[in-house]
Amino acid sequence: MLIGMVASAAGTFAQTDPLPSWNDGKAKSTILDFVGKVTREGGPDYVRPAERIATFDNDGTLWAEQPVYFQLQFAFDEVKRLAAQNPDWKTREPFRSVLNRDLKGLAASGEKGLLQIMAATHTGVTTDQFAKAVANWLASARHPTKQRPYDELVYQPQLELLAFLRANGFKTFIVSGGGVELMRVFAEKAYGIPPEQVIGSSGVVKFRLGSDGKPELFKEAKVEFIDDGPGKPVGINRFIGRRPILAFGNSDGDLQMLQYTTAGSGLRLALILHHTDAEREWAYDRTSRIGKLDKALDEGKAKGWTIVDMKADWKTVFPPERRP
């Protein structure tokens, strides 16, 4: 009888584990302990629901970011799609290099070339036209090595963490250096995070009346806000108005967000995802050109932040492939 009760209890626990894709260990227990403490009414670390703010970086934290940031891959694919409307691109850099897959030529164009590509593919259209282009790309494009849609390369353990936090009264936000209008197209479906809780870099958008006389928002080729590095706490203050009690990042671009979060009073949790799994994903940190993790890793270790080791702490990385 007693054995049966124990077995039943164990089975119930297994079924109710809120983070089944996380291996048992320090990272998982730290998360569970933190959420338990801040939601325990009457406890010394209790935080009322309105102040349970959790911020997550996107690239490399909620979905993959190799071999290039997915937004940049979208821009490359858009150059190819729009080439017929711009025949001069066949001989004009940096577009020629993109069309011919000339990585050396593209690299030679430097930051100026990338800005030209971003302007050509992200501006000069309405916000509705841009959102449609992003949605079409997500529906058709495949990652070059994983051969899966880009919005399937989200991290299963993070989906579970987001759901767990929301089930415990947290409001979850994306705070990313990526373009806000691109992320808002898929964030709600992919992560359960609505567009009004997505903070990202943005260009100037202006109201105007379209050729049909209807109001529209037009994307201009001017930078409005860069939500990266020190811009992240600024964006949090501007768009959320509350300091997070939990922040999760993966690169040096997230350092200031983690510093800002942990500088508040009361119990705080800063987490860094360390990409250590070359077999299931990619292994990279201090010398990577994408998602470099150097200063934040050192500071995280020195200050006792939670370093999530992808290879050791996650049972699985990506969710099951969707069936056609």
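For the structure itself, consult the block above.
Given the structure is predicted, the values throughout are model-derived calculations rather than measurements. Each chain has its residues counted from 1, running along the sequence as written. Local features in this predicted model are restricted to residues of pLDDT 70 or higher, and side-chain atom pairs are both shown and tallied only at a pLDDT of 80 or more, whereas totals for entire chains, interfaces and linings draw on every residue. By convention in this description, side-chain values take in all heavy atoms of the structure and omit both hydrogens and water.

## Section: the packing of helix α3 (residues 70-82) against helix α5 (residues 103-122)
Part 1: Running from N to C, α3 and α5 cross one another at 75 degrees; their axes reach a closest spacing of 10 Å. The angle between α3 and α5 falls in the class roughly perpendicular. Counted together, Gln-71, Leu-72, Phe-74, Ala-75, Phe-76, Glu-78, Val-79 and Leu-82 of α3 and Leu-106, Leu-114, Ile-117, Met-118, Ala-120, Thr-121 and His-122 of α5 form the full contact between these two elements.
Part 2: Residue polarity follows a fixed list, in which Ala, Val, Leu, Ile, Met, Phe, Trp, Tyr, Cys and Pro are nonpolar, Asp, Glu, Lys and Arg are charged, and the others, Gly among them, are polar. Class assignment of the residues belonging to the contact of α3 with α5 gives a composition of 11 nonpolar, 3 polar and 1 charged. Simply put, an axis is a line fit to the C-alpha atoms, just over the touching stretch for a helix, and the angle between two N-to-C directions goes from 0 to 180 degrees. Put simply, DSSP marks the helices as runs of H or I at least four residues long and the strands as runs of E at least two long, and each gets a number from the N terminus on. An angle below 35 degrees is read as roughly parallel, one above 145 as roughly antiparallel, one from 65 to 115 as roughly perpendicular, and any other as oblique. Any two residues having at least one pair of non-hydrogen atoms within 4.5 Å are treated as being in contact.

## Focus on helix α2 (residues 26-38)
Part 1: Its 13 residues place the ends of α2 18 Å apart at the C-alpha level, agreeing with the 18 Å of an ideal helix rising 1.5 Å per residue.
Part 2: Type-normalised accessible area, obtained with a 1.4 Å probe on protein chains alone, sets the label of each residue: buried when under 20%, exposed when over 50%, and partly exposed for intermediate values. Of the residues making up α2, those classed as buried are Ala-27, Lys-28, Ile-31, Phe-34, Val-35 and Val-38. Considered in projection along α2, the buried side chains sweep an arc of 135 degrees and stay on one side of the axis.
Part 3: On its buried side, α2 packs onto α7 (156-167), β5 (246-249), β6 (269-274), β7 (306-309) and α12 (310-313). Between the first and last residue of a helix there are one fewer steps than residues, each counted as 1.5 Å, and that sum is the expected span. It is the directions from the helix axis to the C-beta atoms that the arc portrays.

## Concerning the packing of helix α9 (residues 231-239) against helix α10 (residues 255-262)
Part 1: α10 packs onto α9 with a crossing angle of 55 degrees between their chain directions and a minimal axis gap of 7 Å. Our classification of the angle between α9 and α10 gives oblique. When α9 is examined against α10, the residues Lys-232, Pro-233 and Ile-236 are found in contact with a partner set consisting of Gln-256, Met-257 and Tyr-260.
Part 2: A class-by-class count of the residues in the contact of α9 with α10 yields 4 nonpolar, 1 polar and 1 charged.

## Description of the side chain of His-274
Part 1: Relative to the elements of secondary structure, His-274 occurs in strand β6.
Part 2: The class for His-274 is buried, based on a relative accessible area of 14%.
Part 3: Those residues in contact with His-274, other than ones at most four positions away along the chain, are Tyr-284, Asp-285, Leu-293, Leu-297, Ile-307, Val-308, Asp-309 and Met-310.

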